[in-house]
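Here's the letter readout for the chains.
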Amino acid sequence: MTQRSSGDVQLKNKDVRWAAFDPIAYVDHNYRDLQAEDAEILHMIRDHFGDHFRKQGVGPVSGIDVGAGANLYPALAMMPWCDEITLFERSPANVGYLTRQVDSYDRNWDQFWDVLCESEAYNSLGADPRERFRKVVSVEQGDLFQLAAYKRQWSMGTMFFVAESMTTSHQEFSLGVERFMRALAPGAPFAAAFMEHSKGYHTGEHFFPACDVGESEVRASLEAFADDFKVQRLESAAEVRDGYSGMIVACGWRNSDALIPVS
């Protein structure tokens, strides 16, 4: 199969056949086994969320994972502090996958939970967290851009490999980050991950677009919405797939943007 790049075919989010996304192929390639990049990310977001709630002493809260796709570990990372977690996803195929996972998620996700359980907040939920996952997690089908209708609704949030992996447009990338951040309440801890300089990707037989972003673009997209945040390129260097140069994680807290005009 010939690898196309997002520079060859200019695609915006509305042009993409998201119904063709193959969640099983995606999981098999990316999450059937725990890879070094995801282990590093899990450590980062586990410590970020754990430090926040240890200092703030608040909870339970509502959480959202925007563009959840076929990835459960962002929701698992929020679970100790949430009494409800919304998996917000556009693709009907991914919505179906997530819905099936809620009742009793597949065993491959246990290895991701084991990394989180190096922290007591997760370990205290017991050896098998499926009962709690079933209780607090729900799936909602929706377009990321529709989050404009949900300002400041969630008190914790994640968005992993979404804003840069749905379009070739830098404008849509920035708007996607904005929609995510505006959905969070002031002070809400967040974590977001991005493919660095991605050229697009295949899932199953279908090609999906990506926007070429690096640390500077990620930082610029967040500056208006988070006064206190950190953008970090992963140390792990092995490529999960062809067509990108690394992974970037941003962790921080939602600020109050009352004076920022809505895009």
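You'll find the structure just up there.
Residues numbered from 1 in each chain as written. Predicted model: local features only at pLDDT ≥ 70, side-chain atom pairs only at ≥ 80, totals over all residues. Heavy atoms only, no water.

Draft legend 1. Just the overall build of the protein, in detail. If you tally the helices and strands in the protein, you get nine helices and nine strands. The C-alpha atoms of the protein give a radius of gyration of 17 Å, which matches the 18 Å a tight globule of 263 residues would have. If you line up the protein on its principal axes, its C-alpha atoms span 50 × 45 × 35 Å. A total of 263 residues make up the protein; the buried ones form 57% of that total. Long-range contacts, defined as pairs at least 24 residues apart, comprise 78% of the intrachain contacts of the protein with a sequence gap of at least 6. Entry remark: accessible area of the protein is about 11,200 Å², with carbon and sulfur atoms responsible for 47%. Here the protein holds 25 positive side-chain charges and 39 negative ones, and the gap between their average locations is 5 Å. (Helix = DSSP H or I, 4+ residues; strand = E, 2+ residues; numbered from the N terminus. Rg over C-alpha atoms; globule rule 2.2 N^0.38 Å. Buried < 20%, exposed > 50% of the residue type's maximum accessible area, 1.4 Å probe, protein only. Contact = heavy atoms within 4.5 Å. Areas by Shrake-Rupley, 256 points an atom, 1.4 Å probe, with all protein chains shown as cover. Lys, Arg positive; Asp, Glu negative; His and termini not counted. Charge placed at Lys NZ, Arg CZ, Asp CG, Glu CD.)

Draft legend 2. Region of the structure containing the pairing of strand β1 (residues 61-66). Taken across its six residues, β1 has six buried, putting it largely inside the fold. Side chains Val61, Gly63 and Asp65 of β1 all project onto a buried face; the interleaved residues Ser62, Ile64 and Val66 project onto the opposite face, where all are buried too. In this structure, β1 lies alongside strand β2 (residues 82-89), joined through six bridges in parallel fashion. Paired with Val61 across the bridge in β2 is Cys82. By the bridge criterion, four bridges tie β1 to strand β4 (residues 156-160) in an arrangement that is parallel. Residue Ile64 lies in a different strand from β4, and its bridge partner there is Gly157. (Pairing = 2+ DSSP bridges.)

Draft legend 3. Region of the structure containing the packing of aromatic side chains. The tally for this structure, following the rule as stated, stands at 17 aromatic pairs. Where Phe21 meets Tyr26, the ring centres are 5.3 Å apart and the plane angle is 55 degrees; that geometry is what we call tilted. Each member of the pair, Phe21 as well as Tyr26, carries the same accessibility label: buried. Relative to Phe194, the ring of Phe173 lies with its centre 6.0 Å away and its plane at 70 degrees, an arrangement referred to as edge-to-face. Of the two residues, Phe173 is situated in helix α8 (residues 170-182) and Phe194 in strand β5 (residues 189-196); the sequence distance between them amounts to 21 residues. A residue is classified by how much of its surface remains accessible, and Phe173, at 1% relative accessible area, is buried. Taken together, Phe21, Tyr26, Tyr31, Tyr73, Trp109, Phe112, Phe160, Phe161 and Phe208 form an aromatic cluster joined through their ring pairs. (Phe/Tyr/Trp six-rings, centres within 6.5 Å; stacked < 30°, edge-to-face > 60°.)

Draft legend 4. Focus on the layout of surface pockets. Computed from the structure, the largest pocket encloses a volume of approximately 760 Å³. Lining the largest pocket are 42 residues; nearest its centre among them are Phe21, Tyr26, Phe161, Ser165 and Tyr201. Only α1 (23-30), β1, β2 and β6 (201-203) provide two or more residues apiece to the lining of the largest pocket. The dominant element in the lining of the largest pocket, judged by the number of residues it contributes, is α1, at four residues. Taken as a whole, the second largest pocket spans an internal volume of roughly 210 Å³. Of all the secondary-structure elements, those providing two or more residues to the lining of the second largest pocket are α2 (36-56), β8 (228-233) and β9 (246-253). The element best represented in the lining of the second largest pocket is α2, accounting for five residues. (1 Å grid on protein atoms, 1.4 Å probe; cavity = no way out; pocket = protein on both sides within 12 Å on 5 of 7 lines; lining within 4 Å. Points joined across faces, edges and corners; volume = space filled by probe spheres on them.)

Draft legend 5. Local environment of unusual backbone geometry. Its identity is not glycine, yet Phe161 carries a phi of approximately 55 degrees, on the positive side. With respect to the helices, strands and loops of the structure, Phe161 is situated in the loop between β4 and α8. In this structure, His197 takes a positive phi of about 50 degrees despite not being glycine. By the element assignment, His197 lies in the loop between β5 and β6.

Draft legend 6. Fine view of the packing of α1 against helix α4 (residues 92-103). At a minimum axis distance of 9 Å, the contact between α1 and α4 shows a crossing angle of 65 degrees. The angle between α1 and α4 falls in the class roughly perpendicular. Of α4, the residues touching α1 (which contributes Pro23, Ile24 and Val27) are Ala93, Asn94 and Tyr97. Here the contact of α1 with α4 is built from residues that sort into five nonpolar, one polar and no charged. (Axes fitted to C-alpha atoms, helices over the stretch in contact; angles between N-to-C directions. Parallel < 35°, antiparallel > 145°, perpendicular 65-115°, else oblique. Nonpolar A, V, L, I, M, F, W, Y, C, P; charged D, E, K, R; others polar.)

Function-wise, these values are silent; they only describe arrangement.
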